[in-house]
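Chain residues, written in single-letter form:
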Amino acid sequence: MLQVALKLKTHQQDVDRLTERLERRNKGADVMMALRAALLKSIWYAFTSLDTEDSGKVSKSQLKVLSHNLHSVLRIPHDPTTLERHFSDDDDGPVSSQGYMPYLNQFILDKVVEGTFVKEELDELCWTLCSKKYYRPDTHRVLSNQDALRLWCLFNFLAEDRYPLVLGLEEVEYLLRKISSMMTVELNCVDVEEFLSQDCVPKDGLSVWSVLQVVNAAAWSQGVDGEGVSMAVEKVYREIVGNVLKEGYLWKKGHLRRNWTERWFCLKPGSLSYFMNEDGKECKGVIEMDQNCCVEVLSERDGKRCMFCVKTLNKTFEISASDSRQRQEWITAIQTALRLSVEGKNSLHEELRARRQELRVERNRRQALRAEETRRLQELQGEREEHLAELEHLKEAQRQAQASLQQEEQRRLDQHEELQKTLQRQLQEAQEARANLRAEVTVQDLEVEHQRRRIKELEDLHHRLQEALDQQIRARQEEETYRYTQTRLLGEEEEKVKSLLALQEEQEEQLLQTQREKQELRQEMEKKTHALGEAQHQLEKVRASRRRVDQDIAAAQRKLRQASTSVKHWNVQMNRLMHPICPGERRSSTSGSLVPAVRSPSVSETESINRQNSFDCEENITHTDNMDYNNTNPSDAGDQ
């Protein structure tokens, strides 16, 4: 279990290190993207300043000079031939900004390393190029060239990454209020708001040259001198562009001598530096602002008030402010710097700008929602007005319907009265008719009694007639029964006669068919008899040929016996010739001769051979006769 716990702990540490490394890499990537965006804004002004004809294109010679200056300012090794190789497929004409962007990204921005160059030099180079073309202040000029440069840098910092670069009206108002707050004599922001609310001012934002003109005009109208404006612009520049969260004089207690000395402190998101004086040339120390650093309030001691301390892992810096308000401002600023350092952010105003942008997006979304709700309310109002009009129309129709109903009710009342009168008149007539009817009923009762007696007499007569009719019906039924029986018998006789006639016809047909079959059989018998005679004739021929063949076989057998006898004779002669009899030798048998004797077939073998030959000949003859018979009489063979 202990080993498993150690492995899990080691694995968790590895995961934490990997996560921290990925976070640093992501933060580094975000920093590089922000740096590229900031550099690209300044370079865009330099490119547009070289476009003398406002055609969106710059000649290659000017781009070479610009690229060389950019390499020099950004401390990047420069290869003069890369631009020519990059645009080798193009003609000698000018190059657009879209065509220059791939070269700028590949050979300049991708090679930039943060910390190896001074961004202020790049800003000064690009400002020098673009101010000659675009910045032409009138006689009411308050801003110096350095102040205009700083305002130009502030504009680029606050502007969004959309080209051509413009600054939203809210950001313009924010910048002007920021400058005004740094001045001893504040600018009249009411005039600025009136100017920004005019119809001639574009709603999507102002260019940097319009902003410079607005600042010059506002300072001139308020009678502010250039030095005050310059100091305010410098403070705002150091705060926003230089990432200075707060700066000022504080008392610091030494670590060795333990005495109190006044230093100029400059707080940035990553560090708290202190100098001999406010010119910032002689740095006496730097306190790193990281996650291991904290700030605490201290009680009064050593005759110092409004004290606080900054604690790091190794040291504790005791600091004293001039008053409690300054101490609280410094503590708040240091806590902000610590938060930015922990979050990996390098600029407070970038965060504030992002927040303002989110607020603008949210406000625009709410305005869109409000406009949509207003439109829906207008639609609902229109529908409500339509419903009201329809309701008025329905009310008018209801009033008309009520009037028509009243007229109809009056008409029905009139009809009811007329009908009541008619019914009363008819009732009187009915009463008179009822009296007359009663008199007629009395007369009719007498007639009914007379008719009843007459009906009784007729019923008696009807009963007697009914009995006579029943007797007649029974007699007719019996007669019909007899007739039905007679008819049935006649029908059965007719059916039997028909069946007999049918049997007779079938017998006649069968006789005719039998006669035809007899005639066919007779003809067939005649054919078969004729065929049989021919077959017997053929058989006689076969027998005669067989006798001749037997005679030939007997003659052949005789010849064969004669040939066998001669062969035996000649074998004996040959054996004698091959073995002559010498004096004193015995006669050797024929079986010991060198030449084997030819064995002659015996009589039994000869007879069996003859019988076999004769049997084969008979089979051949029989087969030949059968083939001749089949070929000569095919129809007869089919009949048999």
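Residues numbered from 1 in each chain as written. Predicted model: local features only at pLDDT ≥ 70, side-chain atom pairs only at ≥ 80, totals over all residues. Heavy atoms only, no water.

K.L.:
Which parts of the structure should I look at to understand the overall build of the protein chain?
P.N.:
Of the regular secondary structure elements, the protein chain holds 14 helices and nine strands. For the protein chain, the proportion of its 640 residues judged to be buried stands at 26%. For the protein chain, the computed accessible surface area is about 45300 Å², with 52% contributed by carbon and sulfur atoms. (Helix = DSSP H or I, 4+ residues; strand = E, 2+ residues; numbered from the N terminus. Buried < 20%, exposed > 50% of the residue type's maximum accessible area, 1.4 Å probe, protein only. Areas by Shrake-Rupley, 256 points an atom, 1.4 Å probe, with all protein chains shown as cover.)

K.L.:
How should I be thinking about the sheet that holds strand β8 (residues 307-311) in this particular structure?
P.N.:
Hydrogen bonding along the main chain pairs the strands of a sheet, whether they run parallel or antiparallel. What the seven strands build is an open sheet, ordered β6-β5-β4-β3-β9-β8-β7; its pairing is antiparallel. The open sheet has two free edges, formed respectively by β6 (283-288) and β7 (294-298), since each of these has just one partner strand. Each neighbouring strand pair of the sheet contributes to a mean axis angle of 35°, computed without reference to strand direction. With two bridges joining them, strand β3 (residues 246-253) and strand β9 (residues 316-320) adopt antiparallel strand pairing. Bridged to Trp251 within β9 is Ser320. Set on the sheet, helix α11 (residues 324-343) makes contact with β3, β4 (260-268), β5 (271-275), β7 and β8; between it and β7 the angle comes to about 165°. (Pairing = 2+ DSSP bridges. Axes fitted to C-alpha atoms, helices over the stretch in contact; angles between N-to-C directions. Contact = heavy atoms within 4.5 Å.)

K.L.:
Can you walk me through helix α4 (residues 97-107) in this structure?
P.N.:
Because an α-helix completes one turn every 3.6 residues, residues spaced three or four positions apart along the sequence face the same direction. Regarding α4, the residues found buried are Tyr100, Tyr103, Leu104 and Phe107. The buried residues of α4 occupy one face: seen down the axis, they fall within an arc of 100°. (Arc of directions from axis to C-beta.)

K.L.:
Is there a simple way to think about a nonpolar patch on the surface in this case?
P.N.:
On the surface, a cluster of nonpolar side chains totalling about 260 Å² of accessible area is made up of Leu388, Leu391 and Leu394. Residue position: Leu394 is located in helix α12 (residues 348-578). (Patch = residues over 30% accessible without salt bridge, like charges linked within 9 Å, V, L, I, M, F, W, Y side chains within 5 Å. Salt bridge = Lys/Arg side-chain N within 4 Å of Asp/Glu carboxyl O.)

K.L.:
Teacher, can you tell me more about the pairing of β5 here?
P.N.:
Taken across its five residues, β5 has five buried, putting it largely inside the fold. Bridging between β4 and β5 involves five bridges; their strand directions are antiparallel. Bridging across to β5, Trp264 finds its partner in Phe275. A loop of two residues connects β4 with β5, the two strands running antiparallel in sequence.

K.L.:
Quick question: what am I supposed to make of the nonpolar core here?
P.N.:
Of all hydrophobic cores here, the largest spans 65 residues; its most connected members are Leu70, Tyr100, Trp127, Trp152 and Trp209. Put simply, the parts of the chain that give this core at least two residues each are α1 (2-50), α2 (60-73), α4, α5 (119-134), α6 (145-158), α7 (169-181), α9 (208-222) and α10 (226-240). With nine residues, α6 is the largest single contributor of residues to this core. Grouped together as the second largest cluster of nonpolar side chains are 24 residues, Val295, Val310, Ile319 and Trp330 included. (Core = buried A, V, L, I, M, F, W, Y, C linked by side-chain atoms within 4.5 Å.)

K.L.:
Looking at this model, I keep getting lost on the packing of aromatic side chains. Mind explaining?
P.N.:
In this description, an aromatic ring pair is defined by two values, namely the gap between the centres and the angle between the planes. Counting across every chain of the model gives 15 aromatic pairs. Aromatic pair Trp127 and Trp152: ring centres 5.9 Å apart, planes at 50°, arrangement tilted. One end of the pair, Trp127, is in helix α5; the other, Trp152, is in helix α6, and 25 residues separate them in sequence. In this structure Trp152 comes out as buried when scored by relative accessible area, which is 0%. Ring geometry for Tyr134 against Trp209: centres 5.5 Å apart, planes inclined by 20°, an arrangement best described as stacked. Of the two residues, Tyr134 is situated in helix α5 and Trp209 in helix α9; the sequence distance between them amounts to 75 residues. Since its relative accessible area comes to 29%, Tyr134 is described here as partly exposed. (Phe/Tyr/Trp six-rings, centres within 6.5 Å; stacked < 30°, edge-to-face > 60°.)

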